[in-house]
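The lines below spell out each chain.
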Amino acid sequence: MQARLEEIFPIMEIDEDCIMSKMGEISIVFKTELPEIFSLSQQDYEILHQCWLRALKALPENSILHKQDWFFQSSYKADLVDPDQSFLSRSSELHFNERPYLQHSCYLMLTKVPEQRKPASSLFSTLLRGGSVPQNVLQESYKQEFLDCCAQFSRILEDSGMIHLRRLTQEELMSSENDTVASAQQMRCPKSRTWISEMVCGSERITARSIRSEMPGTFPQCAEAGSITRHFVPM
């Protein structure tokens, strides 16, 4: 059985800065700025941990939190134009110029799943099966209640002073030029109407494996559709 990727794509539309799926889920995306590595004390980690716990409790039932971290191989570009630089500052810029480093981007995605939706199962995929959207999902109050909880979630984390969140707008979610989580390479339907025989990310070929459950004591069988050959995406 073959199906076009654009026909089974789970995203229905992006409306009012929200990602609406064909199964009735509502998702919003935050661009997240985390504390610099090795910059927090033990007490700071404990405070941040408690903030995460309070923020998670503010989310409604049937919510999904997805934290996504992107690491890009890049090289440092020195700022040699600033005329007000001191001798030490300029020497530091020259020392690190063109040195490789990992550029980090972090996103938080909050999703509200309809209560009537059946739990996900490895026995079948909902991408190939249609279904009706629950009636309460179509009500404006349903989405507004979820957005209010997300706003409270965001305030709790930002009140810690160590995490900064910025909600992505509709234009950013649909953009193909920004390095956002919903860029054309990751979230949008392909423009061409041709069948896709493989998927690529940059110069790397992406494949996947599905694991079929077996009886206890036996080794699970893998149906290969491939493996990701790299953990870093080259710029």
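**Side note on the overall build of the chain**
Check the secondary structure of the chain and you find 5 helices and 11 strands. For the chain, the residues scored as buried account for 28% of the 235 residues in total. Considering only contacts in the chain between residues 6 or more positions apart, those separated by 24 or more positions represent 68%. Of the roughly 16,700 Å² of accessible surface on the chain, a fraction of 54% belongs to carbon and sulfur atoms.

**Structural notes on helix α2 (residues 42-57)**
Taking 1.5 Å per residue as the helical rise, α2 with its 16 residues ought to reach 22 Å, and the 23 Å between its terminal C-alpha atoms agrees with that figure. Every buried residue of α2 is accounted for by L48, C51, W52 and A55. Buried positions in α2, seen along its axis, are confined to an arc of 100° and lie on one side of it. In α2, the exposed positions that point more than 90 degrees away from the buried face belong to Q42, Q43 and K57.

**Details of the confidence of the model for the chain**
Detailed reading of the predicted coordinates is not advisable wherever pLDDT falls low. For the chain, the mean per-residue pLDDT works out to 76, and 66% of the residues sit at or above 70. For the chain, strand β11 (residues 233-234) is the element with the lowest average pLDDT, namely 40, and strand β6 (residues 164-167) is the one with the highest, namely 95.

**Details of the state of the cysteines**
Using the criterion set out here, one finds 0 disulfides in the structure. Of all cysteine sulfurs, the one in C149 lies closest to C150, which takes part in no disulfide; the gap is 6.9 Å.

**Comments concerning the pattern of salt bridges**
Considering all chains together, one arrives at 4 salt bridges under this definition. The partner of E172 in a salt bridge is R166, with the nearest N and O atoms 3.0 Å apart.

**Observations regarding the side chain of E25**
With respect to the secondary-structure elements, E25 resides in the loop between β2 (18-21) and β3 (26-33). E25 has contacts with I19, M20, T111, K112, V113, P114 and R117, leaving out every residue within four places of it along the chain.

**Considerations on the nonpolar core**
I28, W52, L108, L110, F153, L157 and L165 are the most contacted members of the largest nonpolar core, which totals 24 residues. Broken down by element, the residue count for this core peaks at 7 residues, all from helix α4 (residues 140-159). When near neighbours in sequence (up to four residues on either side) are disregarded, W52 contacts L65, L108, F153, L157 and I163. Among the nonpolar cores identified, the runner-up in size contains 11 residues, and V29, W70, Y107 and L168 belong to it.

Cut-offs and rules
Per chain, the residues get numbers from 1 upward, laid out in the order the sequence is written. In keeping with the predicted nature of the model, local features appear solely for residues at pLDDT of at least 70, side-chain atom pairs appear and are counted solely at 80 or more, and the whole-chain, interface and lining totals rest on all residues. No hydrogens and no water enter the side-chain calculation; it runs on all heavy atoms of the structure. Strands here are runs of E lasting at least two residues and helices are runs of H or I lasting at least four, both read from the DSSP assignment and numbered beginning at the N terminus. Remark: exposure states derive from per-residue accessible area (1.4 Å probe, protein chains only) relative to the maximum for the residue type, with buried under 20%, exposed over 50%, and partly exposed in between. In what follows, residue pairs with any heavy atoms lying within 4.5 Å of each other are defined as contacts. Computed by Shrake-Rupley with a 1.4 Å probe, the accessible areas treat only the displayed protein chains as cover when residues are assessed. By this rule, a helix spans an expected 1.5 Å times one less than how many residues it contains. When we speak of the arc, we mean the arc of directions from the helix axis to the C-beta atoms. Scored from 0 to 100, pLDDT records how confident the predictor is in each individual residue. Any two cysteine sulfur atoms lying within 2.5 Å of each other are counted as a disulfide. By convention in these notes, a salt bridge is any Lys or Arg side-chain nitrogen within 4 Å of a carboxyl oxygen on Asp or Glu. Nonpolar cores were defined as sets of buried Ala, Val, Leu, Ile, Met, Phe, Trp, Tyr and Cys residues, with membership established by side-chain atoms within 4.5 Å.

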